[in-house]
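# Close look at the chain arrangement
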Amino acid sequence: MIRQGSECKVEYREHMRDGDGTVQITNFINDPVELNEKGRLFAKITLVPGASIGYHDAELFYILKGTGEYNDGGTLRTVTAGDVTLCPTGTGHGIANKSDEVLELVAVIVYA
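Residues numbered from 1 in each chain as written. Predicted model: local features only at pLDDT ≥ 70, side-chain atom pairs only at ≥ 80, totals over all residues. Heavy atoms only, no water.

### Focus on the overall build of the chain
How we decide: Each helix corresponds to a stretch of at least 4 residues labelled H or I by DSSP, and each strand to a stretch of at least 2 residues labelled E; elements are numbered beginning at the N terminus. C-alpha atoms define the radius of gyration, and 2.2 Å times the number of residues to the power 0.38 defines the globule rule. Note on exposure labels: buried denotes an accessible area under 20% of the residue type's maximum, exposed denotes more than 50%, and partly exposed covers the range between, all computed with a 1.4 Å probe on protein chains only. In this analysis, two residues are considered to be in contact whenever any of their non-hydrogen atoms come within 4.5 Å of each other. Here the Shrake-Rupley method, with its probe set to 1.4 Å, supplies the accessible areas, and only the displayed protein chains count as covering residues. The charged-residue count follows a simple rule in which Lys and Arg add positive charge and Asp and Glu add negative charge, with His and chain termini not counted at all. Note on charges: their place is set at NZ of Lys, CZ of Arg, CG of Asp or CD of Glu.
Scanning the chain from N- to C-terminus turns up zero helices and eight strands. Put simply, the chain runs from its N terminus to its C terminus through helices and strands in the order β-β-β-β-β-β-β-β. Here the chain has a C-alpha radius of gyration of 14 Å; the compact-globule value for 112 residues is 13 Å, and the two agree. Dimensions along the principal axes, computed over C-alpha positions, put the chain at roughly 40 × 30 × 25 Å. Here the chain holds 112 residues, and 36% of them are scored as buried. Relative to all contacts within the chain whose residues are 6 or more apart in sequence, the contacts with residues 24 or more apart total 57%. When the accessible surface of the chain is summed, it comes to about 6,600 Å², and 50% of that surface belongs to carbon and sulfur atoms. Taken as two groups, the 10 positive and 16 negative side-chain charges of the chain have centres that lie 3 Å from each other.

Given below as structure tokens:
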């Protein structure tokens, strides 16, 4: 199966996970069945300057573009294009765009 980019559902979430601003989510899957019920998210997330996703658990990020401030279990670290973040179940993370440019990342949530 191939899904064209124009077929991907785009949604906007305000204050995602109690973060700041509005986050754009381009969903690459329509249903967890497409991940063999092993996960629930495979998407591109876009954060404009000043936007963030609040602290939460269990997710993988691949940074496509820009610079972010990543909260890695309470430790703040800078992430840039090409970086991968791993947040297993039972640990927490969040991300903020404190730069003047757009931050884009791929997010994946798999079930433990």
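### As for the nonpolar core
Note on soluble globular proteins: their nonpolar side chains tend to be buried together. Heads up, the rule is: Here, nonpolar core refers to any group of buried Ala, Val, Leu, Ile, Met, Phe, Trp, Tyr and Cys residues whose side-chain atoms link them within 4.5 Å.
With 19 residues, the main nonpolar core has I45, L47, I95 and L105 as its most contacted residues. Among the elements of the structure, β2 (22-27), β3 (39-47), β4 (52-65), β7 (84-96) and β8 (103-110) are those that each provide at least two residues to this core. Contacts of L105, omitting those with residues within four sequence positions, involve A43, K44, I45, L47, F61, Y62, I63, L64 and I95.

### Quick word on the pairing of β8
Selection criterion: Note on pairing: DSSP must find at least two bridges between two strands before they are called paired.
The element β8 is extensively covered by neighbouring structure, given that six of its eight residues are classed as buried. When β3 meets β8, the two strands line up antiparallel, connected through eight bridges. Of the residues in β8, the one forming a bridge with L47 is L103. The pairing of β4 with β8 spans five bridges and is antiparallel. By the bridge assignment, I63 is partnered in β8 with L105.

### A look at the environment of L41
On the secondary structure map, L41 appears in strand β3. The spatial distance from the C-alpha of L41 to the C-alpha of G19 is 18 Å, given a sequence separation of 22 residues. With residues up to four places along the chain from it excluded, the contact list for L41 reads N27, I29, L35, E59, A107, V108 and I109.

### What about unusual backbone geometry?
With a phi close to 50°, H15 is a non-glycine residue in the positive phi region. Looking at the secondary structure, you find H15 in the loop between β1 (9-14) and β2.

### Let's talk about the sheet that holds β1
Stated precisely, the cut-off is as follows: Simply put, an axis is a line fit to the C-alpha atoms, just over the touching stretch for a helix, and the angle between two N-to-C directions goes from 0 to 180 degrees.
Strand order in this open sheet of eight strands is β1-β2-β3-β8-β4-β7-β5-β6, and the pairing throughout is antiparallel. Of all the strands in the sheet, the pair left with one neighbour each is β1 and β6 (75-80). For this sheet, the mean inter-axis angle between neighbouring strands, taken without regard to orientation, is 40°.

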